[in-house]
Amino acid sequence: MIRAHTIRLNPTPEQANLFRQAAGTARFCYNWGLRAIKDALDRGEKLPHARALRDEFKRIRAAAYPWTFQVGKSAIEGAFVNLGQAVTNFFASRRGRRKGKRVGFPTFKSRRRGYGSFYVANDRLTVDGHTLTVSKVGHLNMTEALRFTGKILGATIRYQAGWWWISIQVELDHTPPTHTGPAIGVDLGIKSLAVTSEGEVVENQTHLKAALRTVKRLQRSVNRKVKGSANRRKAVLKLATAHFRVACQRKDVLHKLTTDLVQRASLVGIEDLNVAGMRKNHCLAQAISDGGFAEFRRQLDDKAPAAGSQVVAIGRFYPSSKTCNHCGQVNADLTLAMREWDCPNPDCRAHLDRDLNAARNIRDEAVRLAGV
Ligand SMILES: [Zn+2]
């Protein structure tokens, strides 16, 4: 099982300089390879393989680009691996073999979109507590210790929102425990973030609203500044930082929820919502809307195996809200505005809370699908 931990770094100005250099070299190699691919396709030739391009680059490197020797070689290797992956993703997406949204043809990386990132192979870094050692860069401070124990597979160092970060991939030597918890269904809410079949309500995060107001204010501030001016550049950095904060806050809310769920439940039942359709739905809770559902699902799938838990998504068209959890009668008249309702079945007449009832139906349907 592979897990990644992203940690903020505190490089010295000299080290930050080396990072910029490595990221710049990685960007150069990526663009060099992409140019070679585009030229080959324009000439009607076969698509060159990223590995062949890397070898070609290595051959001409000493004569044509001697400055690329200043950075660790894994930054260059990683750039060609990323390029190969981007090309593969594009063709897989075009053939419809890739889940999710369609991927465009790789584009050139621009310095204008930030310093970027570069790869560090596992033989070029060591981790000891809060200290990270990278070859050619030296020791540097990490704001927290690596969360996982296991074999380090590699790492990516990137610049984002004014900070340098390292994402370390670790292969866990971990046998998942047998989970003894109950099955729990989750209904992602409109008023609240989520309601579970156990009756817990996870409230909507109000601080997110405040942060989003800040983003809007900073966006207006950027729009007022003259294009290309120093003031605009400063405002853009502030806006990027605010965007990053919102993304972190959203993820944090979801991380707390998903960790709690996989620890408590042996089976987590969720709705397999149409992610694209969700994005259009402004009624959903702030942390879930704007693609947050995909993140929620990703986190659950990521964490469940380690906890010995199982995630089951029920069908998109299963009427989880409209079905009475006591007798199974479907109430076709239920509208979105009805937060509570009475079962129309004369033999049942159960008084139901909309979200709790939906969460229980999701749980039961997930248990049925899992066949446990
Ligand atoms: Zn009923």
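Treat the numbers as computed from the prediction; the structure is a model and nothing was measured.

Quick notes on the rules
Residues numbered from 1 in each chain as written. Predicted model: local features only at pLDDT ≥ 70, side-chain atom pairs only at ≥ 80, totals over all residues. Heavy atoms only, no water. Helix = DSSP H or I, 4+ residues; strand = E, 2+ residues; numbered from the N terminus. Buried < 20%, exposed > 50% of the residue type's maximum accessible area, 1.4 Å probe, protein only. Contact = heavy atoms within 4.5 Å. Areas by Shrake-Rupley, 256 points an atom, 1.4 Å probe, with all protein chains shown as cover. Lys, Arg positive; Asp, Glu negative; His and termini not counted. Charge placed at Lys NZ, Arg CZ, Asp CG, Glu CD. Patch = residues over 30% accessible without salt bridge, like charges linked within 9 Å, V, L, I, M, F, W, Y side chains within 5 Å. Salt bridge = Lys/Arg side-chain N within 4 Å of Asp/Glu carboxyl O. Phe/Tyr/Trp six-rings, centres within 6.5 Å; stacked < 30°, edge-to-face > 60°. Lys NZ or Arg CZ within 6 Å of the ring centre and 35° of its normal. Donors = N, O, S within 2.8 Å, 3.2 Å for Na, K, Ca; no water. Tetrahedral: all angles 85-135°; square planar, octahedral: opposite > 155°, others 65-115°. Domains from an automatic or database assignment. Buried area = accessible area lost by both parts, 1.4 Å probe. Polar contact = N/O pair within 3.5 Å; in protein donor to acceptor, adjacent residues only side chain to side chain. Nonpolar A, V, L, I, M, F, W, Y, C, P; charged D, E, K, R; others polar.

Summing up its helical and strand segments, the chain has eight helices and 14 strands in all. With the C-alpha coordinates aligned to their principal axes, the bounding extent of the chain is approximately 85 × 55 × 50 Å. Burial analysis of the chain (372 residues in total) assigns 41% to the buried set. Considering only residue pairs separated by 6 or more positions, the chain has 66% of its internal contacts joining residues 24 or more positions apart. Surface exposure of the chain reaches about 20700 Å², of which carbon and sulfur atoms provide 51%. Averaging the positions of the 61 positive and the 32 negative side-chain charges in the chain gives two centres separated by 12 Å.

Bringing unusual backbone geometry into the picture now. Of note in this structure, Lys136 is not a glycine but carries a positive phi near 75°. Relative to the assigned elements, Lys136 resides in the loop between strand 4 (131-134) and strand 5 (138-142). The backbone phi angle of Ala161 is positive, close to 50°, even though this residue is not glycine. Within the secondary structure, Ala161 sits in the loop between strand 6 (150-160) and strand 7 (163-172). Classification of Ala161 by relative accessible area gives buried; the value is 13%.

Another aspect to go through is a positive patch on the surface. Among the surface-exposed residues, Lys209, Arg213, Lys216, Arg217, Arg220, Arg224, Arg233, Lys234 and Lys238 lie close enough to one another that they form a single positively charged patch. Put simply, the parts of the chain that give the positive patch at least two residues each are helix 4 (206-224) and helix 5 (230-264). Looking at where Lys209 falls in the secondary structure, it is placed in helix 4. For Lys209, a relative accessible area of 53% corresponds to the exposed category.

Before going further, it helps to spend a moment on the packing of aromatic side chains. Remark: the centre distance and the inter-plane angle together describe each pair of aromatic rings, the angle taken between the planes. In the structure shown here, the tally under the stated rule is 15 aromatic pairs. Aromatic pair Phe57 and Tyr65: ring centres 5.6 Å apart, planes at 10°, arrangement stacked. Exposure remark for Phe57: the relative accessible area of 0% places this residue in the buried category. When the ring of Phe57 is compared with that of Phe80, the centres are 5.7 Å apart and the planes differ by 50°; the resulting orientation is tilted. With Phe57 in helix 2 (residues 50-64) and Phe80 in helix 3 (residues 73-94), this residue pair connects regions lying 23 residues apart in the sequence. With relative accessibility at 2%, the residue Phe80 sits in the buried group. By the ring-pair criterion, three or more aromatic residues cluster together here, those being Phe28, Trp32, Phe57, Tyr65, Trp67 and Phe80. Geometry around Trp163 places Arg8 over its ring, the cationic atom sitting 3.9 Å from the centre. When the ring centre of Tyr115 is taken as origin, the NZ or CZ atom of Arg20, which lies over that ring, is 5.3 Å away.

So, on to the coordination of the zinc ion. The coordination sphere of the zinc ion contains the protein donors Cys324 (SG), Cys327 (SG), Cys343 (SG) and Cys348 (SG), at a distance range of 2.3 to 2.4 Å. Metal-centred angles of 103 to 112° between the four donor atoms at the zinc ion mark the site as tetrahedral. The sequence motif formed by the donor residues of the zinc ion is C-x2-C-x15-C-x4-C.

Taken domain by domain, the chain consists of domain 1 (2-172) and domain 2 (178-372). Using C-alpha coordinates to define each centre, domain 1 is positioned 33 Å away from domain 2. Every contact between the two is made by five residues of domain 1 and, on the other side, seven residues of domain 2. Between domain 1 and domain 2, roughly 510 Å² of surface is buried when both sides are summed, and carbon and sulfur atoms account for 65% of that area. If you look at where domain 1 meets domain 2, you find one salt bridge. Salt-bridge contacts for Asp302 lead to Arg3; the nearest nitrogen and oxygen are separated by 3.7 Å. The interface formed by domain 1 and domain 2 contains zero residue pairs in polar contact (both at pLDDT 80 or more). Classifying every residue of the side of domain 1 that touches domain 2 gives two nonpolar, two polar and one charged.

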